[in-house]
Amino acid sequence: MVRIGEEQKNRLAQRLAMASHNREDSGQLLDSTARALQSGEDGSASQLEALVHAFENERVIVPIRVEEDPRVTGIHAGEAGHDPVGFIRVETVAGPAIATFTSAQSLSAYDSNARPMALSFRRLALAALVESAGKVIVDPGSRDILIPRSATSALAQGDHWLPAWKDQELRELLVRQAQDECSSITDLNIEYAGMGVCRVSLVIDPQGVEEADRAQLRERVLHAIDVLNSNKRLRAVADDIQWVPRWGTTVG
C-alpha cells in the first residue's frame, strides 16, 4: 500500500475540495451509469466493465462531512488541509475499500444522515490508491460492486481500462509460458469470478498419461502455476487470482 505524508494528504484534500459544482446536478443517477447497472447482474464482468467505462466521464457521489464550527476550530472546510470529503471505508471479502455511490438516493439508503457531494471518479481513484490499495466499492449494502485496483489505477491516470479477461496478448503470453513449464497444458482461459477475483483455468490433456504418472504431472502443473502466478504482467492487472486446473483438450 502506498503511504504518503501529512503534507501530501493535505494537498490531496485541497484538490478534492476544489471540485466544481454543477447546479444542474441534484445527485441523480446519470445516464451512462444507469445503463451500465442494467448491463448485467450485480458484480458480473459485463456490468463491471460498463460501469468502469461510464466512470471515465460521469461523476459519483460521496458523503461530505458537516463542517465544524469555524469559530471553534479556526478553519473552514477546504482550508489548511481540512478534508471536506467523508470517505467511508468498507470491509469487503477483497479487503478494505472506499465506498462510493451512484446517486444521492443510494447514499441516503446506506446512511440517511449523510450529505451527498458530487466527485469525479478520477479524484476518488486518487484517494483510493492511497487509502484502500485502489479498491472501491460501489453502492455498498445494495449492489456491492467492487472496482478492482487495476481499473481504479487506470482511471486515476486518465487511461482506458483493459480487463485481464479481455487482454488477448496476456492470455497468449500465459499459454506460452505454461506450455514451456508443462507440455500437457494445452489451453488457458481467464475470466472474472467476482469481487476482484480473476479465475485462470488451465486445461490439462490426459492423453498418454498413465495413472502412475499422474502424481508427477500434478507436480509439474503446480510448478507451472507457481511460475505463472509470479508473472509481473498478470499481477499488475489482477488483484486476486484463482487457479483451476482441469482435464480436457481445449477451454470450451
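See the structure shown above.
Residues numbered from 1 in each chain as written. Predicted model: local features only at pLDDT ≥ 70, side-chain atom pairs only at ≥ 80, totals over all residues. Heavy atoms only, no water.

You can see Val-62 is positioned in strand S1 (residues 59–64). Looking at Val-62, the relative accessible area reads 0%, which means it is buried. Residues Val-62 and Leu-124, spaced 62 residues apart in sequence, show a C-alpha to C-alpha distance of 8.8 Å. (Helix = DSSP H or I, 4+ residues; strand = E, 2+ residues; numbered from the N terminus. Buried < 20%, exposed > 50% of the residue type's maximum accessible area, 1.4 Å probe, protein only.)

A few words on the packing of aromatic side chains. Summed over the entire model, instances satisfying the criterion amount to four aromatic pairs. Each ring, one from Phe-101 and one from Tyr-110, has its centre 5.5 Å from the other, and the planes form 50°; the classification is tilted. Classification of Tyr-110 as partly exposed rests on a relative accessible area of 36%. Consider the rings of Trp-161 and Trp-165, whose centres lie 5.8 Å apart with planes at 85°: the pair is edge-to-face. (Phe/Tyr/Trp six-rings, centres within 6.5 Å; stacked < 30°, edge-to-face > 60°.)

If you look at the biggest cluster of nonpolar residues, it comprises 51 residues, and the most contacted ones within it are Phe-121, Leu-124, Ile-147 and Ile-190. Aside from chain neighbours lying at most four places away, what touches Ile-190 is Ala-164, Trp-165, Leu-170, Arg-171, Leu-174, Cys-198, Arg-199 and Val-200. Residues Ile-61, Ala-99, Phe-101 and Ile-137 belong to the second largest nonpolar core, which totals eleven residues. (Core = buried A, V, L, I, M, F, W, Y, C linked by side-chain atoms within 4.5 Å. Contact = heavy atoms within 4.5 Å.)

Across the sheet, which stays open at both edges, the three strands sit in the order S7-S8-S9 with mixed pairing between neighbours. Each edge of the sheet is formed by a strand with only one pairing partner; in this case those strands are strand S7 (185–194) and strand S9 (240–247). The average undirected angle you get between the axes of adjacent strands in this sheet is 20°. With eight bridges connecting them, strand S8 (residues 197–204) and S9 associate as parallel partners. Following the sheet pairing, Ser-201 is matched in S9 by Val-244. The strands touched by helix H9 (residues 214–229) are S7, S8 and S9; relative to S9, the strand with the most contacts, the crossing angle is about 155°. (Pairing = 2+ DSSP bridges. Axes fitted to C-alpha atoms, helices over the stretch in contact; angles between N-to-C directions.)

In the structure shown here, the tally under the stated rule is seven salt bridges. The partner of Arg-143 in a salt bridge is Asp-139, with the nearest N and O atoms 2.7 Å apart. Arg-199 is the salt-bridge partner of Glu-191, the closest N and O atoms lying 3.3 Å from each other. Residue Arg-199 is classed as partly exposed on the basis of its relative accessible area of 26%. Linked through salt bridges whose partners overlap, the residues forming this network are Asp-167, Glu-169 and Arg-233. (Salt bridge = Lys/Arg side-chain N within 4 Å of Asp/Glu carboxyl O.)

All right, on to unusual backbone geometry then. The phi dihedral of Ala-133 falls on the positive side, at around 55°, and the residue is not glycine. Structurally, Ala-133 can be placed in the loop between helix H6 (121–131) and strand S5 (136–138). Although it is not a glycine, Asp-144 adopts a positive phi angle of roughly 50°. Topologically, Asp-144 is positioned in the loop between S5 and strand S6 (145–147).

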